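Report on the structure
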Amino acid sequence: MLIGNAGATYWPHFMRWRARQPADLAEPLDTWCREVIGGIAERFGARAVSPSDRPFLPFQRWAMRAEGLRSSPLGILMHPEYGLWHAYRGALLFDIEIAAEAPRAAVHLCDLCIGKPCLKACPVDAYAEASFDYPACLGHVRGASGAACRERGCLDRNACPHGAAYRYPAAVQAFHMAASLRPKARAA
Ligand code: B12
């Protein structure tokens, strides 16, 4: 059972919890999610796992099966309603099988997109069709000309017109960008 956020409605709840934690707490969002989702897992006799657990678990493949989603050219899964503005915060693993309806294949909005603005906004072309040039992205975002990415998030992701109502506010995007820039980056 996958657990995640669509849009940034989790943010104020996370911020309230964050205010009660030590300022130097490492990986605060992961810690909060593990705490909340771990508590739910205990109540239902499940085991909680996180997208940051090592070795990485195939969250995106699970989501493709669960929701009938497909990948955008950026590697982020495209949702018919939320666009690129959704992420996975954990999953509950059960020993028993739970009956669930097979998902209907979602309309893949990227197939209908002619201009592909998501592949045109990055100043260093970090996203090129089937690959992601992480060193190029890091170099640019950490550098003097990367202020826009650091303050408002990935320019390619923001160029996508879908799910605009769910777009994360700048502060939330800046938080996630800072997390993926840290040496042992854990994406969010
Ligand atoms: C490692 C990682 C990264 C690395 C990628 C390094 C690399 N070149 O491999 C870095 C740090 C660059 C990264 C960045 C981002 N990531 Co990331 N990342 C992951 C992580 C932790 C592991 C991926 C993995 O290896 N999975 C293991 C394999 C076995 O699982 P899989 O499902 O079969 O694998 C799929 C992915 O690997 C995907 N893939 C391959 N290359 C890339 C590259 C990128 C950038 C992405 C997003 C996916 C992707 O293709 C596979 C088949 O579908 C996942 C969480 C997870 N556990 O999956 C998040 C995850 C893929 N990331 C996510 C996100 C949102 C981002 C960022 C947008 C975060 C941000 N900054 O705001 C950025 C994108 C870049 C940017 N500058 O904005 C989300 C995607 C959600 C979605 N809707 O699909 C995930 C699922 C985390 C989450 N909490 O939901 N990420």
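Treat the numbers as computed from the prediction; the structure is a model and nothing was measured. (Residues numbered from 1 in each chain as written. Predicted model: local features only at pLDDT ≥ 70, side-chain atom pairs only at ≥ 80, totals over all residues. Heavy atoms only, no water.)

Digging into a nonpolar patch on the surface
A contiguous nonpolar patch, built from Met1, Ile96 and Ile98 and spanning about 330 Å² of accessible area, is present on the exposed surface. Assignment of secondary structure puts Ile96 in the loop between β5 (86-93) and β6 (127-128). (Patch = residues over 30% accessible without salt bridge, like charges linked within 9 Å, V, L, I, M, F, W, Y side chains within 5 Å. Areas by Shrake-Rupley, 256 points an atom, 1.4 Å probe, with all protein chains shown as cover. Salt bridge = Lys/Arg side-chain N within 4 Å of Asp/Glu carboxyl O. Helix = DSSP H or I, 4+ residues; strand = E, 2+ residues; numbered from the N terminus.)

Side note on the pairing of β5
Judged by how many residues are buried, β5 sits mostly within the fold: seven of eight residues are covered. With five bridges connecting them, strand β1 (residues 2-6) and β5 associate as antiparallel partners. Directly across from Asn5, in β5, lies its bridge partner Ala87. Examined bridge by bridge, strand β2 (residues 47-49) and β5 share three bridges and lie antiparallel to one another. (Buried < 20%, exposed > 50% of the residue type's maximum accessible area, 1.4 Å probe, protein only. Pairing = 2+ DSSP bridges.)

Quick notes on unusual backbone geometry
Residue Pro55 is bonded to the preceding Arg54 through a cis peptide linkage, with omega at -10°. Mapped onto the fold, Pro55 is located in the loop between β2 and α3 (59-67). Positive phi is not limited to glycine here, since Glu27 has a value of about 45°. One can find Glu27 in the loop between α1 (11-18) and α2 (28-44). In this structure, Lys116 is a non-glycine residue whose phi angle is positive, near 45°. Relative to the elements of secondary structure, Lys116 occurs in the loop between β5 and β6. Relative accessible area serves as the criterion here: at 26%, Lys116 is assigned to the partly exposed category.

Description of the environment of Cys137
Tracing the sequence through the fold places Cys137 in helix α4 (residues 134-142). Each C-alpha atom, one on Cys137 and one on Ala46, is 38 Å from the other, the two residues being 91 residues apart in sequence. Filtering out sequence-adjacent residues up to four positions away, Cys137 remains in contact with Val124, Ala126 and Phe132. (Contact = heavy atoms within 4.5 Å.)

Focus: the environment of Phe175
You can see Phe175 is positioned in helix α7 (residues 170-181). Judged by its relative accessible area of 23%, Phe175 is partly exposed. The spacing of Phe175 and Arg65 is 110 residues in sequence and 29 Å in space, taken between C-alpha atoms.

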